Amino acid sequence: MAQDKKKPGWLKPLAFGALLAVLGHLLTIGLIPSVIMNIAMKRIAEASGGINRLAHGNMVTPQNQQIVRSSPDLAYSTCALDLSKGPVRVFIGKGADYTSAAFYAGNTDNVFTLNDRKIGPEGAQIMVVSARSPIAAKPGEVVVSLPSDKGLLLVRRLAPSAEAFKRVQGERAKDFCRTVTDGM
Amino acid sequence: MWRWLICGVLGLGLGVGSALAVSGGLFSDAKLVSGRWSTDPTVGAAAANPWLRATIARVGLLALTKEETVYFNRDVDDDGAKLVEGCTYALSGEAIPTRWWSITIYGADQMLPVNTDAASSIDATRALIAPATTWTGTLSPTRPTTPGPWLSSKGGGTYSLTIRLYNPQSVEKSALQALKLPSVKKVSCTQTPASGGVN
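For clarity, every value in this text was computed on a predicted model and none was experimentally measured.

Draft legend 1. Spatial organisation of the overall build of chain A. Of regular secondary structure, chain A possesses two helices and nine strands. Ordered by position from the N terminus, the helices and strands of chain A form the series α-β-β-β-β-β-β-β-β-α-β. Summarising its shape, the C-alpha atoms of chain A cover approximately 95 × 40 × 30 Å along the three principal directions. In chain A, which comprises 184 residues, the proportion classed as buried is 43%. Across chain A, contacts joining residues at least 24 apart in sequence account for 68% of those joining residues at least 6 apart.

And the structure:
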């Protein structure tokens, strides 16, 4: 007596497809922030000549725009932060108009922003530390703690005209972003 | 075997595709509306869940929190029609209770339209010159003959506008909804523009 050969059905392959759909969805959603942030950090580090270095951008135009939704009315300075070898010191000079220094974690969260209303005439001394590194701030320094070793600093200064941009270039000339071991 | 392969490929494609669609903001329901302008208060904030975090990474990367800056967007005129390069619009606005504001035009790719008009934005310092409390301007692909600030849509295709409100007096929902943000009224159209995609 011959045994009935069981025909392969669609049920198990469909369940497998549904499982891959859920996994693919969750994995993609989870990876998007870090992938996009890594691309941004890589571009910024290249423009700055390395990590933990501040780069001052030119006036934003359609021809030189680097990132989505940048504003032509702002003068941007950027620093790709890597705290794996220790804290980073940042100095932001006082501006005559709107200025802000925004710190972003590796997952794109804006973890801290300091604007010119809280920056004294002597400028702002900021110590950036990772959540797992010891704090070694000087008196008067603002301490910013990032939840990850990698992050970004984005400084915005209001510069809606060529004249304003020229003024901003002078204001930000002494700004810096550097590792503490660089000899402060 | 081929059943497993087909279902696996389709499933993976569906999973990745749906993640990209969701994170692109297509199904965002966290909108706050003021006239034809809308904003997502979670932009720039530490998102509560992975979907919002992915959306923010794609459409609001390196944005500031609402206490620092509120970003309102629109891709339609006052009558609800899509903003398109082939049309000319009259802009009008008044003083806004914020420290400074600017309006910027972005194409469907979220980048400034590529042109050499040096008119990708209008800001408070140029539009509202004291003692004026109201302003009028033009949004068009060619330089207007009328006075007032100009926002060039040349090369924009189907585009959107973003108004940045720096250090707004209040970020309460009711205060943001009550803001009298600039109007965008269609004046004329010279051609039927091609579709530029979703903004």
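Draft legend 2. Structural view of the overall build of chain B. Regarding its fold elements, chain B presents four helices and ten strands. Here chain B, with 199 residues, has 43% of them falling under the buried criterion. Within chain B, counting contacts between residues at least 6 apart in sequence, those at least 24 apart form 73% of the total.

Draft legend 3. Fine view of the interface of chain B and chain A. Contact with chain B, which involves 48 residues of that partner, is made by 42 residues of chain A. With 14 residues, the single largest contributor to the side of chain B that touches chain A is helix α1 (residues 2-23) of chain B. Considered class by class, the residues forming the side of chain B that touches chain A number 25 nonpolar, 15 polar and eight charged.

Draft legend 4. Seen up close, the sheet that holds strand β10 (residues 183-189) of chain B. All names here are of chain B. Strands sit in the order β8-β7-β4-β10 across an open sheet of four strands; the sheet is mixed. On the outer flanks of this sheet lie β8 (150-152) and β10, each paired with one strand and no other. Here the average twist between neighbouring strands, direction ignored, is 20 degrees. The pairing of strand β4 (residues 87-94) with β10 spans six bridges and is classified as antiparallel. In the sheet register, L91 faces β10, and the bridge partner there is V184.

Thresholds, definitions, all that
Residues numbered from 1 in each chain as written. Chains lettered and ligands numbered in written order. Predicted model: local features only at pLDDT ≥ 70, side-chain atom pairs only at ≥ 80, totals over all residues. Helix = DSSP H or I, 4+ residues; strand = E, 2+ residues; numbered from the N terminus. Buried ≥ 20, exposed ≤ 12 C-beta atoms within 10 Å, placed from the backbone. Contact = placed C-beta atoms within 7 Å. Nonpolar A, V, L, I, M, F, W, Y, C, P; charged D, E, K, R; others polar. Pairing = 2+ DSSP bridges. Axes fitted to C-alpha atoms, helices over the stretch in contact; angles between N-to-C directions.

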